[in-house]
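Structural overview
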Amino acid sequence: MECESRYEGLSEKINRLGFENDRIRTEFQAIVNECRNQYHSMLDSVDALIILVNSDLKIIWANRNTRKLFGSDTIGESCSRICQGKGKECREISGCLVKNAFARGEVNKYETQMTGTNGKKIYISGSARVISRNGNGKPTAVVCVLSDITERKKTERELKESMLQLRNNLAGTIKAMAMTVETRDPYTAGHQRKTADIARLIGQEMGLPSKQVDGIRMAGVIHDLGKISIPAEILSKPGKICNAEYSLIKFHPKTGYDILNGIDFRWPVADIVLQHHERMDGSGYPSGLAGDKILLEARIIGVADVIEAMSSHRPYRPALGINKAFSEIRENSGRLYDSDVVAAAESLFARKEYLFH
């Protein structure tokens, strides 16, 4: 190691000075050995993996944990031995902790895979830095301080898989709810899905975070869930409905809220469903909320709902068409509908009209 070479250099200087060379050399060697043993014992006691690599990319020292994990025969071999397995080619500099440290002086927050003595892949996290340079300032040695994060990675992977499974289960549940409504009301079959698609596109056009857009889409797919409580003969009535029937229909956001409120969504789905018929001037239902008291997600679904409903056929009227729908939201922008939402819908429609058919 480097300390031994320095010791040899000092010994030569002592010889040239003509002192009691043997006694001084012995005492000096004892001091060096004591310091080295204390230093190594200290490094062997820590949980981290500590590796010293020279400019030839050879491992010149490793602490006990490293030798236990990768084998004592790693000392003297190329550092690629512990990164990729014995006999494997060294990586390019962009993917090598040691090479990057020699080039840049220091590397932090590095993660990679390495190969243990049993050939099993393990995940490593750590840092590396230059600890010595020659007279010209060129790096001669790099120390790597690493941690085995295999179990953490395993836990993260299992959690991710679990979350994906939960999300798939939730999506299946939502789909089943949506189909329950649509099987009772064939005239509006697909209305929730189309409304959800339009709302999702509007949310993306507004630059909302992907998680928020996911919540909008999820709520949009079941925004009319409360209609499950409305008699089918009212939902599919071919003529004009009476005031009493309309009052019953107006209660569907609250029914949907009551059904969904007990489900632990990642988004405020129940509140979005409750508020999707509220209007900016407080003239909506069921609570007469106004302005910012209405969730943005509900304001978006409210606009998407109007666009889809007006441009589609209903048992009590033929389809009014997409142009009529946009005339409605444009004329009532700021009064009934959020002006930013309307602007995003118009911008999207101007570029991708086909998406609304």
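Attention in this report is confined to the structure presented alongside it. Here the structure is a predicted model, which is why all the values come from computation and not from measurement.

So, the sheet that holds strand β2 (residues 59-62)
Reading across the sheet, the five strands line up as β2-β1-β5-β4-β3 and stay open at both edges, with antiparallel pairing between neighbours. Looking at the sheet topology across the chains shown, the edges are occupied by β2 and β3 (106-115). In this sheet, adjacent strand axes meet at a mean angle of 30° when their direction is disregarded. As defined by bridge partners, strand β4 (residues 121-133) adjoins strand β5 (residues 139-148) across nine bridges and the pair is classed as antiparallel. Residue pairing in the sheet places R133 in a bridge with P139 of β5. Along the sheet face, helix α6 (residues 150-184) touches β3, β4 and β5 and points at about 135° away from the line of β4.

Notes on a negative patch on the surface
A contiguous patch of negative charge on the surface is contributed by D148, E151, E158 and E161. It is α6 that contributes the most residues to the negative patch, three residues altogether. Counting through the fold element by element, D148 comes out in strand β5. Given the relative accessible area of 43%, D148 is considered partly exposed.

Details of the packing of aromatic side chains
Considering all chains together, one arrives at one aromatic pair under this definition. Centre to centre, the rings of F326 and F349 are 4.4 Å apart; their planes meet at 25°, and the pair counts as stacked. On the criterion of sequence distance, the pair formed by F326 in helix α14 (residues 322-331) and F349 in helix α15 (residues 339-351) is long-range, its members being 23 residues apart. Here the two residues F326 and F349 agree in accessibility, since each one is buried.

The rules behind each value
- Residues numbered from 1 in each chain as written.
- Predicted model: local features only at pLDDT ≥ 70, side-chain atom pairs only at ≥ 80, totals over all residues.
- Heavy atoms only, no water.
- Pairing = 2+ DSSP bridges.
- Helix = DSSP H or I, 4+ residues; strand = E, 2+ residues; numbered from the N terminus.
- Axes fitted to C-alpha atoms, helices over the stretch in contact; angles between N-to-C directions.
- Contact = heavy atoms within 4.5 Å.
- Patch = residues over 30% accessible without salt bridge, like charges linked within 9 Å, V, L, I, M, F, W, Y side chains within 5 Å.
- Areas by Shrake-Rupley, 256 points an atom, 1.4 Å probe, with all protein chains shown as cover.
- Salt bridge = Lys/Arg side-chain N within 4 Å of Asp/Glu carboxyl O.
- Lys, Arg positive; Asp, Glu negative; His and termini not counted.
- Charge placed at Lys NZ, Arg CZ, Asp CG, Glu CD.
- Buried < 20%, exposed > 50% of the residue type's maximum accessible area, 1.4 Å probe, protein only.
- Phe/Tyr/Trp six-rings, centres within 6.5 Å; stacked < 30°, edge-to-face > 60°.

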